[in-house]
Amino acid sequence: MEDIYEITSPNKLWRAEISARFGANVARLQYNCKDVLNPLLDEEQLKISYYIFGSPILLPANRTENGEFIFEGKKYFLPVNEQKTNCHLHGLLVKASFNLIESSSNKVVLQYENKGEIYPFSFIFTAEYELSDDGLHKKYTVFNTDNKNMPFTFALHTTFVEPSEFSVPIIAAQERNERALPTGKLIPLNNLENSFINGCNPNGKIISGYYKSCGNVAKIGDFKYTVSDNFDYWVLFNNGGTHGYLCVEPQSGSVNGLNMSDGHNVIAPNEKMVFSAKIVKK
């Protein structure tokens, strides 16, 4: 693929490919020559989905009901790109072409400036990736360049190669309606979901849900996925458990959070919000 930046850790055990052309996605992450994430190897895979390869960046995250929301008295519109639910899904940053800011053997920094093309607020989004000997360190900065407050939700649709076991710190599930939108009610975890806390083999199990976080460290096979405290939800998805991957998605703000008074972040003009995450060997 075009515009791929390859980085390696100093000890050469870690290797990553970052796609500037497709949303600053971590298109491939390997440890000791084995894939950690479900790899994006060619553009043909994107005809299947933009979301299940690597670690796509979602802004706004997940679904926005009817592709519209009201913020500070004004109505905003997003394209409805999931016809079956009549929702805007996952934002358009996943398809944006980023510019290279910095590159070295183990680090790459990419940036995208939005002037209203993909989201109705102006902002600069910077993605920084660095491989150290312990693993991949990621930093994401959202800088509001608009003259008004900017609401947003944010997630990393991190798609791991299916592990033999995983655990995620969750405390409750968001009840969903028939359109896969939260009803506003948190409900107790069922027996399967309770197993996600202490260790679950995902193979063959149908995993799909939105969960309130009670911690910032998930364990996926031989790796730990640690995220900053401003991620307050985990979204889990494995497409029926027969495709060889498990999405473990840290999310800041709720699904459909732009339509909830307490479900989204707000950045003032000329202010920024920083998120971080790392995938390291256990």
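A short tour of the structure in this document, coming up. (Residues numbered from 1 in each chain as written. Predicted model: local features only at pLDDT ≥ 70, side-chain atom pairs only at ≥ 80, totals over all residues. Heavy atoms only, no water.)

**What about the overall build of the protein chain?**
Here's step 1: Each helix and strand in the protein chain was counted, giving one helix and 26 strands.
Here's step 2: Relative to the 2.2 N^0.38 estimate, which gives 19 Å for 282 residues, the radius of gyration of the protein chain is 18 Å and therefore close to what a compact globule would have.
Here's step 3: Dimensions of the protein chain along its principal axes, counting C-alpha atoms only, are 55 × 45 × 35 Å.
Here's step 4: A burial count over the protein chain gives 55% of its 282 residues as buried.
Here's step 5: Look at the contacts in the protein chain between residues 6 or more apart in sequence, and 62% of them connect residues 24 or more apart. (Helix = DSSP H or I, 4+ residues; strand = E, 2+ residues; numbered from the N terminus. Rg over C-alpha atoms; globule rule 2.2 N^0.38 Å. Buried < 20%, exposed > 50% of the residue type's maximum accessible area, 1.4 Å probe, protein only. Contact = heavy atoms within 4.5 Å.)

**Focus: helix α1 (residues 191-198)**
Here's step 1: Among the residues of α1, the N-terminal cap falls to N190, whose side-chain oxygen and the backbone nitrogen of L192 are separated by 3.1 Å.
Here's step 2: Once α1 finishes, G199 follows within two positions and takes phi at roughly 145°, a positive value. (Polar contact = N/O pair within 3.5 Å; in protein donor to acceptor, adjacent residues only side chain to side chain.)

**Here we look at the nonpolar core**
Here's step 1: By size, the foremost hydrophobic cluster in this structure holds 64 residues, and its most contacted members are Y119, F125, Y129 and Y225.
Here's step 2: Here this core gets five residues from one element, more than from any other, and that element is strand β12 (residues 123-132).
Here's step 3: If you look at the next biggest cluster of nonpolar residues, it comprises eight residues, including F22, L40, I52 and C247. (Core = buried A, V, L, I, M, F, W, Y, C linked by side-chain atoms within 4.5 Å.)

**Some details on the sheet that holds strand β13 (residues 135-144)**
Here's step 1: One open sheet holds the eight strands; their spatial order is β10-β11-β12-β13-β26-β22-β21-β17, and the pairing between them is antiparallel. Across the chains shown, the open sheet's two edge strands, defined by having one partner strand only, are β10 (99-103) and β17 (166-167). (Pairing = 2+ DSSP bridges.)

**Quick look at the side chain of N38**
Here's step 1: Positionally, N38 belongs in the loop between β4 (34-35) and β5 (57-58).
Here's step 2: From its side chain, N38 meets the backbone oxygen of I52 in a polar contact 2.7 Å long.

**Brief notes about the packing of aromatic side chains**
Here's step 1: The full count for this structure, using the stated rule, is 24 aromatic pairs.
Here's step 2: On the basis of an interplanar angle of 40° and a centroid distance of 5.8 Å, the ring pair of F98 and Y112 is categorised as tilted. Residue F98 is located in the loop between β9 (87-89) and β10, and its partner Y112 is located in strand β11 (residues 107-114); the two are separated by 14 residues in the primary sequence.
Here's step 3: Taking the relative accessible area as the measure of exposure, F98 reaches 4% and is therefore buried.
Here's step 4: Of the aromatic side chains, those joined through ring pairs into one cluster are F98, Y112, F125, Y129, Y140, F152, F154, F231 and F275.
Here's step 5: Positioned over the ring face of Y210 is R176, at 4.9 Å from the centre of the ring. (Phe/Tyr/Trp six-rings, centres within 6.5 Å; stacked < 30°, edge-to-face > 60°. Lys NZ or Arg CZ within 6 Å of the ring centre and 35° of its normal.)

**Structural notes on the pairing of strand β20 (residues 208-213)**
Here's step 1: Two strands pair when backbone bridges link them, and strand β18 (residues 170-176) and β20 are joined in this way by three bridges, in the antiparallel orientation. When the sheet's bridge partners are listed, A172 is paired in β20 with K212.

**What about the state of the cysteines?**
Here's step 1: Taken as a whole, this structure holds zero disulfides when the rule is applied.
Here's step 2: C247 supplies the cysteine sulfur nearest to C87, a cysteine that is in no disulfide, at a spacing of 18 Å.
Here's step 3: Judged by its relative accessible area of 0%, C87 is buried. (Disulfide = S-S within 2.5 Å.)

**Brief notes about the environment of I267**
Here's step 1: Secondary-structure assignment places I267 in strand β25 (residues 265-267).
Here's step 2: Among the residues examined, I267 registers a relative accessible area of 3% and is labelled buried.
Here's step 3: As a C-alpha pair, I267 and N149 span 118 residues in sequence and 5.7 Å in three-dimensional space.
Here's step 4: Residues within four places of I267 in sequence aside, it is in contact with V142, N144, K148, N149, M150, F152, K272 and M273.

**Here's the deal with a positive patch on the surface**
Here's step 1: On the surface, K219, K224, K278, K281 and K282 cluster together into a patch of positive charge.
Here's step 2: Its location among the elements puts K281 in strand β26 (residues 272-281).
Here's step 3: Relative accessible area serves as the criterion here: at 34%, K281 is assigned to the partly exposed category. (Patch = residues over 30% accessible without salt bridge, like charges linked within 9 Å, V, L, I, M, F, W, Y side chains within 5 Å. Areas by Shrake-Rupley, 256 points an atom, 1.4 Å probe, with all protein chains shown as cover. Salt bridge = Lys/Arg side-chain N within 4 Å of Asp/Glu carboxyl O. Lys, Arg positive; Asp, Glu negative; His and termini not counted. Charge placed at Lys NZ, Arg CZ, Asp CG, Glu CD.)

**Focus on the sheet that holds strand β2 (residues 14-19)**
Within a sheet, each strand pairs with its neighbour through backbone hydrogen bonds, oriented either parallel or antiparallel.
Here's step 1: If you walk across this open sheet you meet the four strands as β1-β2-β3-β4, and the pairing is antiparallel. Single-partner strands in this sheet number two, and they are β1 (4-8) and β4.
Here's step 2: Sheet topology note: the β1/β2 ladder contains five bridges and is antiparallel. Bridge pairing in β2 links T8 to R15.

**Details of the pattern of salt bridges**
Here's step 1: As enumerated under the stated definition, the model contains ten salt bridges in all.
Here's step 2: In this structure, the salt-bridge partner of R21 is E43, at a minimum N-O distance of 2.8 Å. Note that R21 is positioned in the loop between β2 and β3 (25-31) and E43 in the loop between β4 and β5, a separation of 22 residues in sequence.
Here's step 3: Across the pair R179 and E65 runs a salt bridge whose closest N-O atoms are separated by 3.2 Å. Of the two residues, R179 sits in the loop between β18 and β19 (182-187) while E65 sits in strand β6 (residues 63-65), which places them 114 residues apart along the sequence.
Here's step 4: Ionic contacts of the salt-bridge type, sharing partners, join the residues E6, R15 and E17 into one network.

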